[in-house]
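Notes for the structure review
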Amino acid sequence: MPNNPEKKASAKIGDMPKEEFRKYGHEIVDRIADYFENIDKMPVLSQIEPGWLSENLPENAPLDGENFSSILDDMDRLILPAVTHWNHPNFHGLFSTSTSSVGIFGEMFSAAYDMKAMLWRTSPASTELEPVVLDWLRKMMGLPPDFSGIIYDTASISTLHAIAMARERIDLKIRENGMSGRTDLPLLRVYCSEHTHSSIDKAVILLGLGQRSIVKIPANEKFELDHEKLSEAIRDDIAAGHLPLCVVATIGTTSSTSIDPVEKIADICERNNIFLHVDAAYAGSAAIVPEFQSYFKGWERADSIVTNPHKWLFTPFDLSILYVKDKDLLKQTFSLVAEYLKVAETVTNQMDYGIQLGRRFRSLKLWFVMRYFGQEGLIARIREHCRLARLFAGWVDESENFEMLAPVPFALVCFRANPSKIEDLDALNEKIMNDINASGEAYLSHTKLNGKLALRLSVGSIRVERRHLEKIWDLLNEHLNAEIANH
Ligand SMILES: *Cc1c(COP(=O)(O)O)cnc(C)c1O
């Protein structure tokens, strides 16, 4: 038998022969299983130099189709070295996010069906499964039934839709008349804290409001939005003839997972009839844990809430949920029905609820995750991540050479090395972080808190165990001791 009995795909038409699909399908699942089994041994951050992969790829696509086995070989040779392993249990940078295996099964099926949910009839499964799954999660998170959810790709897009709703609600006919060339529009204002995610700025830019509409309210020493300053800013703006459009409050800021005083902010929004959007992209998943419910007080009074199961609910990227109180307003903001899309059925057509026409069947993977782990299983995992983060914070607290720089409400620890012998602590911490990251042993990121460079350790991989935290703690101490010795 020749080595490669498979005929080149360019020699015929149609899809890959079914025998080949079966064979490689099994092989790929085996490879993914091996990947998860061996992930601990891989460098967390890809060790390639920028440009390495692109330089190793041919300039043109092949003229003749290639055997799939040689494509698979290139996964090991070219792609894997260029992968940064978000699933690695020592990925502690940014937010540690990871997929479960069952989440991958969901992606496999949705890729296979390849439905585009525009109209109900083009994708009944997606149109009907999505609201059910999102309602399950809504109940688990303790949100009242007046919220209904819709899935987008990312929190950035969910927030864009939320602020678009706020803009539609003020009845300045911006949908019809736009904003350019108008002299009858006041300056519209969007308020958020200085710790708010940059996706708010991007949404404001894209919606034509301009960056000057954003008012960044200072935060207190615990990085929480100062609600009195918010109240003052709104009062001053109204006095100046501006129109407050929207307030974005964050539960679990990106930098330190601080929690804005949502109840107080909701009071202010209610008094002034301002749209309230809550960004819980990261922390929303923790609302399923009963003892963390107190962090979410007041979010049920928001007009919209974003949470990302792809961040901390073991669902592969991407899947972000926007919960809204007024789904009709969302529809009013986006619905446009072209002649060829007009249908007689009175059904939900998902194309009416956002800027995309077709949407992926994303709810399937979340359905798999929720059914496979169950509410208790998901709670146990998130609770354990928070426990591990507190355990690590305890080691920092007890150490003479390290200090905490922010509270730990969820599973992110902000800290730094502060040995008495070294003065430039920002440079020291940056060096330790860069050295650890370059080693491939673990990945940490940083932020600035009260003017100090803070190391961020996020605990969130479904594969993380205490031993992984012991490993990064040892690494930190080893690298610090080396710096002290060199000093
Ligand atoms: C991660 C994050 C975002 C952005 O998430 P994407 O889904 O990548 O757009 C927005 N807000 C907060 C608080 C986040 O942590």
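Criteria and thresholds
- Position numbers for residues start from 1 in each chain and track the written sequence from start to end.
- For a predicted model such as this one, the threshold for reporting local features is a pLDDT of at least 70, and the threshold for listing and counting side-chain atom pairs is 80 or more; totals across whole chains, interfaces and linings nevertheless cover every residue.
- Side-chain numbers here rest on the full set of heavy atoms in the structure, without hydrogens or water.
- The split into domains, and so the bounds of each, comes from an automatic or database assignment of domains.
- It only takes one pair of heavy atoms within 4.5 Å for two residues to be counted as in contact.
- Buried area, as used here, totals the accessible surface that two parts lose on assembly, with accessibility defined by a 1.4 Å probe and the loss added over both.
- Salt bridge, as applied in this entry: a Lys or Arg side-chain nitrogen positioned within 4 Å of an Asp or Glu carboxyl oxygen.
- Per the convention used, a helix needs a DSSP run of H or I reaching at least four residues, while a strand needs a run of E reaching at least two, with both numbered from the N terminus.
- Summary of the burial criterion: residues with accessible area below 20% of their type's maximum are buried, those above 50% are exposed, and those between are partly exposed, where the area comes from a 1.4 Å probe applied to protein chains only.
- Here a polar contact is taken to be a pair of N or O atoms separated by no more than 3.5 Å, where protein atoms must pair a possible hydrogen donor with a possible acceptor and residues adjacent in sequence count only if both atoms sit in side chains.

Here's the deal with the domain arrangement of the protein chain
If you check the domain split of the protein chain, you get domain 1 (15-45 + 84-99 + 375-487) and domain 2 (116-360). On a C-alpha basis, the centroid separation for the pair domain 1 and domain 2 is 30 Å. Contact with domain 1, which involves 30 residues of that partner, is made by 31 residues of domain 2. Across the domain 1 to domain 2 interface the summed buried area is about 2,500 Å²; carbon plus sulfur atoms make up 71%. Broken down residue by residue, the surface that domain 1 buries against domain 2 is led by Phe95, Ile382 and Phe410, which jointly contribute 30%. At the boundary of domain 1 with domain 2, the tally comes to one salt bridge. In this structure, Glu291 engages Arg383 in a salt bridge whose closest nitrogen and oxygen atoms are separated by 2.7 Å. Counting residues per element, the ones that place at least two in the side of domain 1 that touches domain 2 are helix H13 (363-398), strand S9 (412-417) and strand S10 (445-449). Top element by residues in the side of domain 1 that touches domain 2 is H13. It accounts for nine residues.

Examining the pattern of salt bridges
For the structure shown, the criterion picks out 30 salt bridges. Residue Asp76 is joined to Arg31 by a salt bridge in which the shortest nitrogen-to-oxygen separation is 3.4 Å. With Asp76 in helix H3 (residues 68-79) and Arg31 in helix H1 (residues 18-38), this pair connects stretches of sequence that are 45 residues apart. Using a relative accessible area of 46% as the deciding quantity, one classes Asp76 as partly exposed. Overall, Arg31 belongs to the partly exposed group, its relative accessible area being 25%. We note a salt bridge from Lys448 to Asp426, for which the minimum N-O separation is 3.8 Å. Taken together, the residues span a long stretch of sequence, with Lys448 in strand S10 and Asp426 in helix H14 (residues 425-439) at a distance of 22 residues. Using a relative accessible area of 23% as the deciding quantity, one classes Asp426 as partly exposed.

Quick word on the side chain of His88
Relative to the assigned elements, His88 resides in the loop between H3 and helix H4 (101-113). With relative accessibility at 0%, the residue His88 sits in the buried group. A polar atom in the side chain of His88 sits 3.3 Å from the backbone oxygen of Asp40. Polar contacts involving the side chain of His88 include one to the main-chain amide nitrogen of Asn90, which spans 2.8 Å. When residues no more than four places from it in sequence are discounted, the contact partners of His88 are Ile39, Asp40, Met42, Val44, Ser461 and Lys471.

Observations regarding unusual backbone geometry
Between Phe317 and Asp318 the backbone carries a cis peptide bond, its omega angle lying at 10 degrees. Here Asp318 is to be found in the loop between helix H11 (309-312) and strand S7 (320-324). For Asp171, which is not a glycine, the phi torsion comes out positive at approximately 60 degrees. Along the polypeptide, Asp171 turns up in the loop between helix H6 (155-169) and helix H7 (174-177). On the basis of relative accessible area, Asp171 is assigned to the exposed category, the value being 56%. Even without being glycine, Phe223 reaches a positive phi, approximately 70 degrees. The residue Phe223 is located in the loop between strand S3 (214-217) and helix H9 (227-239) in this model.

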